[in-house]
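A closer look at the structure
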Amino acid sequence: MKTPAELGFAMPAEWEPHEATWLGWPHCRTDWPGKLAAIEWVYGEIVRKIAEGEKVRIVIDSTAREAKARRILARAHANLANVEFFRTPSDRGWSRDFGPICVRKAGPRPEVAIAKFKFTAWAKYPNWHKDDRIAPAIAKCLRLRMFPVTAGDKMVALEGGGIDVNGRGTLLTTEECFLDQKTQCRNPGMTREEYDRVFHDYLGARNVVWLGHGIVGDDTHGHVDDLCRFVNRDTLVQIQEKNERDVNYRPLRDNWERLKEVRLEDGTRPDVIELPVPAPLYHGDWRLPASYANFYIANAAVIVPTFNDPADRVALGILGELFRDRPVVGIHAVDLVLGFGTLHCLTQQQPARKI
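First things first, this report covers the structure right here in the doc.

So, how was this worked out
- Residues numbered from 1 in each chain as written.
- Predicted model: local features only at pLDDT ≥ 70, side-chain atom pairs only at ≥ 80, totals over all residues.
- Heavy atoms only, no water.
- Helix = DSSP H or I, 4+ residues; strand = E, 2+ residues; numbered from the N terminus.
- Contact = heavy atoms within 4.5 Å.
- Pairing = 2+ DSSP bridges.
- Axes fitted to C-alpha atoms, helices over the stretch in contact; angles between N-to-C directions.
- Buried < 20%, exposed > 50% of the residue type's maximum accessible area, 1.4 Å probe, protein only.
- Lys, Arg positive; Asp, Glu negative; His and termini not counted.
- Salt bridge = Lys/Arg side-chain N within 4 Å of Asp/Glu carboxyl O.
- Parallel < 35°, antiparallel > 145°, perpendicular 65-115°, else oblique.
- Left-handed = near helix turned anticlockwise from the far one by under 90°.
- Nonpolar A, V, L, I, M, F, W, Y, C, P; charged D, E, K, R; others polar.
- Polar contact = N/O pair within 3.5 Å; in protein donor to acceptor, adjacent residues only side chain to side chain.
- Phe/Tyr/Trp six-rings, centres within 6.5 Å; stacked < 30°, edge-to-face > 60°.
- Lys NZ or Arg CZ within 6 Å of the ring centre and 35° of its normal.
- Arc of directions from axis to C-beta.
- 1 Å grid on protein atoms, 1.4 Å probe; cavity = no way out; pocket = protein on both sides within 12 Å on 5 of 7 lines; lining within 4 Å.
- Points joined across faces, edges and corners; volume = space filled by probe spheres on them.

Turning our eyes to something else, we now look at the environment of Ile 355. Inspection of the secondary structure puts Ile 355 in the segment after strand 21 (347-351). Taking the C-alpha atoms as reference points, Ile 355 and Pro 136, 219 residues apart in sequence, are found 25 Å from one another. Excluding residues within four positions of it along the chain, Ile 355 makes contact with Glu 16, Pro 17 and Arg 104.

Next up, the structure:
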């Protein structure tokens, strides 16, 4: 059988036009202990911003929860005409990781399909089986072709937050997330070369950039979307810690040095722009993964997590200069990051079939 890449499919960049954004309505109380009610109102603001330019498709598990969500969204002045609810059970709300990772084929008969990776809750938590069934249910409902992602005879486990693409053939990921065979190992025994082949065959990535470690506090064990992101085909932003005594200083500096040697799919060097980091945030003894790199590029806006920190305005200013075709807006994420993720972790784009 031909691979998706052989059929002409590739993963588009996030800034390319979307048909919709997928969200999972929050309901897992252990993700936001004592703050779930506040998180629902943060979702209201997220949906309000995204629904200005595209459909928002929300995974939700009951009629009662949907009725409550509709009330919150109406009071938040979200455009309910652009909101659709998709009724199915879920374990959590982290749509970036269990949601549909879409690929697209251009040409006279354009098509969007789903590359179906296995989801195992970051090889950490036992409750993942409902989330793993969501992408196939979406494919069936929307009549999208689905490609189960395999290496040999096994399904490949991977989350959307572990990769980022420029839509031209280059993919970013980290060694900590996918090559560590001892901690939160997604695919035991799978090598760098085998991952590269999967990224090529299923996502159309001809060029894979491997960074080292992610940031402390990220319980996914190294997702790249808290670390380094494409903002256009040849420009990256990467967070940098200035305090040499901070635990994140060395891994972030190592990744910065690696990027000096990186080449894109056409052999050129990318521009790399430094993003600040906020002062450390904690919940008790837990260091939280507060990162401005966890922004989401929607059709009508770039939404950026903010943390009541002086660096908020610096990060918004840098991203505002880089994204000139849509507004850059902050979303308060001090409560949100208690779940060990923010805006990008909660969203998953569904590309438009036609550009």
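The subject of this paragraph is the sheet that holds strand 5 (residues 102-105). Pairing within the open sheet is mixed, and its four strands lie in the order 1-5-6-7. Strands at the two margins of the open sheet, each flanked by one partner only, are strand 1 (9-10) and strand 7 (145-148). Across four bridges, strand 6 (residues 111-116) lies against strand 7 in parallel orientation. Following the sheet pairing, Ala 115 is matched in strand 7 by Phe 147. Packed on one face of the sheet, helix 6 (residues 134-142) meets strand 6 and strand 7 and runs near 160 degrees to strand 6.

Turning to the side chain of Lys 49, a few remarks are in order. As for its position among the elements, Lys 49 is in helix 1 (residues 36-50). No salt bridge is formed by the buried Lys 49; the nearest opposite charge belongs to Glu 45, separated by 4.5 Å. Not counting the four nearest positions on each side in its chain, Lys 49 is found in contact with Ala 300, Ile 303, Val 329 and Ile 331.

What follows is about the packing of helix 1 against helix 2 (residues 63-75). Across the interface, helix 1 lies against helix 2 with an axial gap of 9 Å and an inter-helix angle of 60 degrees. Relative to helix 2, the element helix 1 lies oblique. Once helix 1 is placed against helix 2, the crossing between them reads as right-handed. Counting all contacts with helix 1, which are made through Glu 40, Trp 41, Tyr 43, Gly 44 and Val 47, the residues of helix 2 involved are Lys 68, Ile 72, Leu 73 and Arg 75. A breakdown of the residues in the contact of helix 1 with helix 2 according to their chemical character gives five nonpolar, one polar and three charged.

Below, the discussion takes up the environment of Trp 22. Summarising the element assignment, Trp 22 is placed in strand 2 (residues 18-24). A C-alpha to C-alpha distance of 6.0 Å links Trp 22 and Val 56, two positions 34 residues apart in sequence. Once residues lying within four places of it in the same chain are set aside, the contact partners of Trp 22 are Arg 57, Val 59, Phe 86, Ser 95, Pro 100, Ile 138, Leu 142, Leu 346, Thr 347, Gln 348 and Gln 350. At a separation of 3.0 Å, a polar atom in the side chain of Trp 22 contacts the side chain of Gln 350.

Taken as a whole and judged by the stated rule, the model has 14 aromatic pairs. Through a chain of ring-to-ring contacts, the aromatic side chains of Phe 98, Phe 119, Trp 122 and Tyr 125 assemble into a single cluster. Taking the ring centre of Tyr 125 as reference, the NZ or CZ of Arg 92 above it sits at 4.3 Å. Cation over ring: Arg 229 sits above Phe 295, and NZ or CZ is 4.3 Å from the ring centre.

Turning our eyes to something else, we now look at the pattern of salt bridges. Within this structure, the stated rule accounts for 32 salt bridges. Residue Arg 145 is joined to Glu 111 by a salt bridge in which the shortest nitrogen-to-oxygen separation is 2.8 Å. Here the residue Arg 145 occupies a position in strand 7, and Glu 111 occupies one in strand 6, the gap between them amounting to 34 residues. We note a salt bridge from Glu 321 to Arg 324, for which the minimum N-O separation is 2.5 Å. A single burial state applies to Glu 321 and to Arg 324, both of which are exposed.

Every α-helix carries 3.6 residues per turn, so stepping three or four residues along brings you back to the same face. Along helix 6, the residues classified as buried are Ile 134, Ala 135, Ile 138 and Ala 139. Buried residues of helix 6 fall within an arc of 140 degrees about the axis and therefore sit on the same side. Following helix 6 by one or two positions, Arg 143 adopts a phi angle in the positive range, close to 60 degrees.

The next subject is the layout of surface pockets. If you add up the space inside the largest pocket, you get close to 250 Å³. Around the largest pocket, the lining comprises 20 residues; the ones closest to its centre are Ala 10, Met 11, Pro 12, Arg 104 and Gly 167. Residue classes in the lining of the largest pocket are distributed as nine nonpolar, six polar and five charged.

Let's shift gears to the sheet that holds strand 3 (residues 55-60). One open sheet holds the four strands; their spatial order is 4-3-2-21, and the pairing between them is mixed. Lying at the two open borders of the sheet, with one neighbouring strand each, are strand 4 (83-87) and strand 21. Neighbouring strand axes in the sheet, compared pairwise and without regard to direction, differ in orientation by 25 degrees on average. Relative to strand 4, strand 3 is paired through five bridges, and the arrangement is parallel. Bridged to Arg 57 within strand 4 is Glu 84. Sitting on the sheet, helix 1 touches strand 2, strand 3, strand 4 and strand 21, and the angle it makes with strand 2 is about 175 degrees.

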